[in-house]
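What follows is the residue order along each chain.
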Amino acid sequence: GDGAVPDCVNMAHSKIVSYRTVTDVPTTRGAYQDETGGHGTHVAGSVAGNYRMPTSGGDEVWLDENGAAKDAKICLDDVDDNDPRYPGLEVPADLEYALFPHSYEMAGARIHTNSWGSAVLGAYTDHSMDVDEFTYEHDDMLI
């Protein structure tokens, strides 16, 4: 929450090992919120959700609603600008240096999901080049 140590990673946490805001836009609603309709929560759950339901006998049963990698941990980089005057995301201009290294080097992530969409209709952009360069230089990273 507010007051979290920037770039802090705690691998002892059971699911979320790091949460950092990437934007420097001043917030009026408070940081650390999934303000875009729950999309970030949905994506995180689809990838690494881990849900067990207790049974009447006290045991737990795994449900089919688990994510693709239910035992994975999450290092979350929040790109929501949290500003109701300018709704949307503030994706860093240079992903290769401003976004990916934190997850890769500090948290040991080898899968990164960029689920913010695009309005460029398939055009090859600077962000496309950043992804290509980072994965070329780090061939064990999937983006």
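As a reminder, the structure under discussion sits directly above these lines.
These numbers were taken from a predicted model, which means no experiment stands behind them. (Residues numbered from 1 in each chain as written. Predicted model: local features only at pLDDT ≥ 70, side-chain atom pairs only at ≥ 80, totals over all residues. Heavy atoms only, no water.)

1. Structural notes on the nonpolar core
- Membership of the largest hydrophobic core is limited to seven residues, which are L95, L99, F100, Y104, V131, F134 and M141.
- Broken down by secondary-structure element, the contributors of at least two residues to this core are α3 (100-106) and α4 (126-137). (Core = buried A, V, L, I, M, F, W, Y, C linked by side-chain atoms within 4.5 Å. Buried < 20%, exposed > 50% of the residue type's maximum accessible area, 1.4 Å probe, protein only. Helix = DSSP H or I, 4+ residues; strand = E, 2+ residues; numbered from the N terminus.)

2. Observations regarding a negative patch on the surface
- Taken together, the side chains of D94, D126, D132, E133 and E137 define an acidic patch exposed on the protein surface.
- With respect to the element layout, D126 can be found in helix α4. (Patch = residues over 30% accessible without salt bridge, like charges linked within 9 Å, V, L, I, M, F, W, Y side chains within 5 Å. Areas by Shrake-Rupley, 256 points an atom, 1.4 Å probe, with all protein chains shown as cover. Salt bridge = Lys/Arg side-chain N within 4 Å of Asp/Glu carboxyl O. Lys, Arg positive; Asp, Glu negative; His and termini not counted. Charge placed at Lys NZ, Arg CZ, Asp CG, Glu CD.)

3. Things to note about the layout of surface pockets
- The volume enclosed by the largest pocket comes to roughly 990 Å³.
- Taken together, the elements giving at least two residues each to the lining of the largest pocket come down to β1 (16-21), α1 (39-48) and β4 (74-78).
- Here the lining of the largest pocket takes eight residues from α1, the largest share from any one element.
- Classifying every residue of the lining of the largest pocket gives 20 nonpolar, twelve polar and six charged.
- The volume enclosed by the second largest pocket comes to roughly 220 Å³.
- Lining the second largest pocket are L95, N114, W116, G117, S118, A119, V120, A123, T125, H127, S128 and V131.
- Per-element accounting of the lining of the second largest pocket gives the leading share, three residues, to α4.
- Tallied by class, the residues present in the lining of the second largest pocket amount to six nonpolar, six polar and no charged. (1 Å grid on protein atoms, 1.4 Å probe; cavity = no way out; pocket = protein on both sides within 12 Å on 5 of 7 lines; lining within 4 Å. Points joined across faces, edges and corners; volume = space filled by probe spheres on them. Nonpolar A, V, L, I, M, F, W, Y, C, P; charged D, E, K, R; others polar.)

4. What about the environment of V17?
- Secondary-structure assignment places V17 in strand β1.
- Remark: the alpha-carbon pair of V17 and K73, spanning 56 residues in sequence, is separated by 6.5 Å.
- Aside from chain neighbours lying at most four places away, what touches V17 is C8, V9, N10, M11, K73, I74, C75 and A107. (Contact = heavy atoms within 4.5 Å.)

5. Things to note about the pattern of salt bridges
- Counting across every chain of the model gives three salt bridges.
- A salt bridge links D77 to R20; the nearest nitrogen and oxygen atoms lie 2.5 Å apart. Taken together, the positions of D77 in strand β4 and R20 in strand β1 put the pair 57 residues apart, joining distant regions of the chain.
- The buried category is assigned to D77, whose relative accessible area is 15%.
- D71 is the salt-bridge partner of K70, the closest N and O atoms lying 3.5 Å from each other.

6. Considering the packing of aromatic side chains
- Under the criterion given, the structure shown has two aromatic pairs.
- Taking 5.2 Å as the distance between ring centres and 50 degrees as the angle between the ring planes, the aromatic pair formed by F100 and F134 counts as tilted. On the criterion of sequence distance, the pair formed by F100 in helix α3 and F134 in helix α4 is long-range, its members being 34 residues apart.
- Residues Y104 and F134 carry aromatic rings whose centres are separated by 5.6 Å and whose planes lie at 85 degrees to one another, so their mutual orientation is edge-to-face. Taken together, the positions of Y104 in helix α3 and F134 in helix α4 put the pair 30 residues apart, joining distant regions of the chain.
- Within the aromatic cluster, the residues linked to one another by ring pairs are F100, Y104 and F134.
- Over the ring of Y104 we find R110; its NZ or CZ atom is 3.6 Å from the centre of that ring. (Phe/Tyr/Trp six-rings, centres within 6.5 Å; stacked < 30°, edge-to-face > 60°. Lys NZ or Arg CZ within 6 Å of the ring centre and 35° of its normal.)

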